[in-house]
Amino acid sequence: MSKNLFIKTFGCQMNEHDTEKIAGVLSSLGYSRTDSPDMADMIILNTCSVRDKAEHKCYSDLGRLEELKKKNPGLLIGVGGCVAQQEGKRIVEKAPYVDLVFGTDNIGDIPGLLEKRNWKSKDRVSTERRRRKSLMNREEITSLPIMRDHPLKALVNIVDGCDKFCTFCVVPHTRGREKSREPEDILKEIKGLASSGYKEVTLLGQNVDSYGKDLQKDVDLSGLLYRINKITGIERIRFVTSHPADFSDKLIEAMASLPKVCEHLHLPLQSGSDSVLERMNRNYTYSEYTDKINKLREAIPDIAVTTDIITGFPGESDEDFSRTLTALEEIRYDGVFTFRYSRRPYTPARQYDGQIPLEVSKERLNKVIELQNSITIAKNQECIGREFEILIEGESKKDKKRLTGRTRGNKIVHIPNENGISIGDKLRVRIKSATLASLIGEIVYRENPPLPVAMLRSNGNPAPF
Ligand code: SF4
């Protein structure tokens, strides 16, 4: 009989993809996903430790799961992801009702952990780092079965870990050093996705722009994009996350010339102040960053650009912070992910002088959100009356009378749920109204086959994002 599996995912798209792998590994043991923790035979928390809030959330969720386990003693509880990697056996010491703990390299160990979970607490934990050891281990990890969440869009990991060592970030500790996948392995996976009907791939990595540097081969992200662009059936290619120090002219050229590469770039700025950027060990200045954005916008005028901003980094003065606000006004991002700095274990910034009081970093965060919201809504309103290509992703979560799609620039568009339109259809829509979070459109026509890229990239209507 099939058993029910509930997975709660915290954090980034890399974790979302790991969740698909966890579900894939457990499906071979007879588990199917459920949306209800109360119906579950096993609950996995796939955790994030990038910010203290996410880590605290993991422990508070574990407290609630203990209550659930008291009512249902057969319930299995697992913890994976970055908190599991960071905390290891401390999790079973703090929460002895947890049955298994597995690190970011150890999803493939889940069946073995389940077999021996009645043993001593150390036998319930697997956080050994593997991927550096041998090519065989890399293949073992990249060949894990995957139960994908979406029938149309797929996440494809190309590089895991990070060598950048930003002073605020715990990722190099929890995910380890950069480990790129072999290009042939990636292409094989994407060809398989295309033949199963997937139309969009998002290439994932903590720093996708440094893809291939550890492979001792002549491969990089732009070369990979050229090869993926040739795969029949794949219509849209995205990649995330880029690093400004590694984002190259060669990559801009590839983005501008490859029709399937979407007109969207997520390029984390973090701060508009050079002195903060230096203490963050980001390896670029604000003017070097804006030079790259200017080149990008020159090559692809309608590109959508999003970023990450941290407020309250140690030593951030009022003047430093005002430079961040100026950066937002100058660059006019389409969207910004905002974070309040939080001290993370194993990171140099944790020890820095000048830690900013919580209320100051919160107040700065609110100012960033307020300013960016006004920019985002203005940019969304600029879309009114223009036409866009959208790929239908499914029913609107809030209103079943609407379908939801995305532009190539990653903006969400809702349209009326009319007969004959289904997931995976590509449409041209005209935008009628805009809110902070999304656009409302009407169908202009169903676009099959897609418009030639030269037309998509013209400066007038139709616009590409
Ligand atoms: S680039 Fe910096 S912020 Fe991003 S994962 Fe690497 S260390 Fe963390």
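Structural data are supplied above this passage.
Residues numbered from 1 in each chain as written. Predicted model: local features only at pLDDT ≥ 70, side-chain atom pairs only at ≥ 80, totals over all residues. Heavy atoms only, no water.

## Quick word on helix 9 (residues 221-229)
Right, so step 1: Taken as a whole, helix 9 has its buried residues at Leu221, Ser222, Leu224, Leu225, Ile228 and Asn229. Along the axis of helix 9, the buried positions cluster into a sector of 155°, meaning they face one direction only.
Right, so step 2: In this structure, the buried residues of helix 9 make contact with helix 8 (183-195), strand 10 (200-204), strand 11 (236-240) and helix 10 (249-257). (Buried < 20%, exposed > 50% of the residue type's maximum accessible area, 1.4 Å probe, protein only. Helix = DSSP H or I, 4+ residues; strand = E, 2+ residues; numbered from the N terminus. Arc of directions from axis to C-beta. Contact = heavy atoms within 4.5 Å.)

## Things to note about the sheet that holds strand 12 (residues 264-266)
Right, so step 1: Read across the sheet, 3 strands follow the order 12-13-14 without closing on themselves; strand pairing throughout is parallel. Edge strands, defined here as strands with exactly one partner in the open sheet, are strand 12 and strand 14 (335-340). Strand-to-strand, the axes of this sheet are offset by a mean angle of 15°, without reference to chain direction.
Right, so step 2: Summarising the sheet, strand 12 and strand 13 (residues 304-311) pair through 3 bridges and their orientation is parallel. (Pairing = 2+ DSSP bridges. Axes fitted to C-alpha atoms, helices over the stretch in contact; angles between N-to-C directions.)

## Notes on the environment of leucine 144
Right, so step 1: Within the secondary structure, leucine 144 sits in the loop between helix 6 (135-142) and strand 7 (153-157).
Right, so step 2: The class for leucine 144 is buried, based on a relative accessible area of 15%.
Right, so step 3: The sequence separation of leucine 144 and lysine 21 amounts to 123 residues, and the corresponding C-alpha distance is 6.4 Å.
Right, so step 4: The contact partners of leucine 144, leaving out residues within four places of it in the chain, are Lys21, Val25, Ile107 and Gly108.

## Concerning the pattern of salt bridges
Right, so step 1: Applying the stated criterion across every chain, the model contains 42 salt bridges.
Right, so step 2: Measuring nitrogen to oxygen at the nearest pair gives 2.9 Å for the salt bridge that ties aspartate 246 to lysine 164. In this pair, aspartate 246 sits in the loop between strand 11 and helix 10 while lysine 164 sits in the loop between strand 8 (159-160) and helix 7 (171-174), placing the two residues 82 residues apart along the sequence.
Right, so step 3: Exposure remark for aspartate 246: the relative accessible area of 15% places this residue in the buried category.
Right, so step 4: A salt bridge links glutamate 235 to lysine 426; the nearest nitrogen and oxygen atoms lie 3.0 Å apart. In this pair, glutamate 235 is assigned in the loop between helix 9 and strand 11 and lysine 426 in strand 18 (residues 426-434), connecting sequence segments 191 residues apart. (Salt bridge = Lys/Arg side-chain N within 4 Å of Asp/Glu carboxyl O.)

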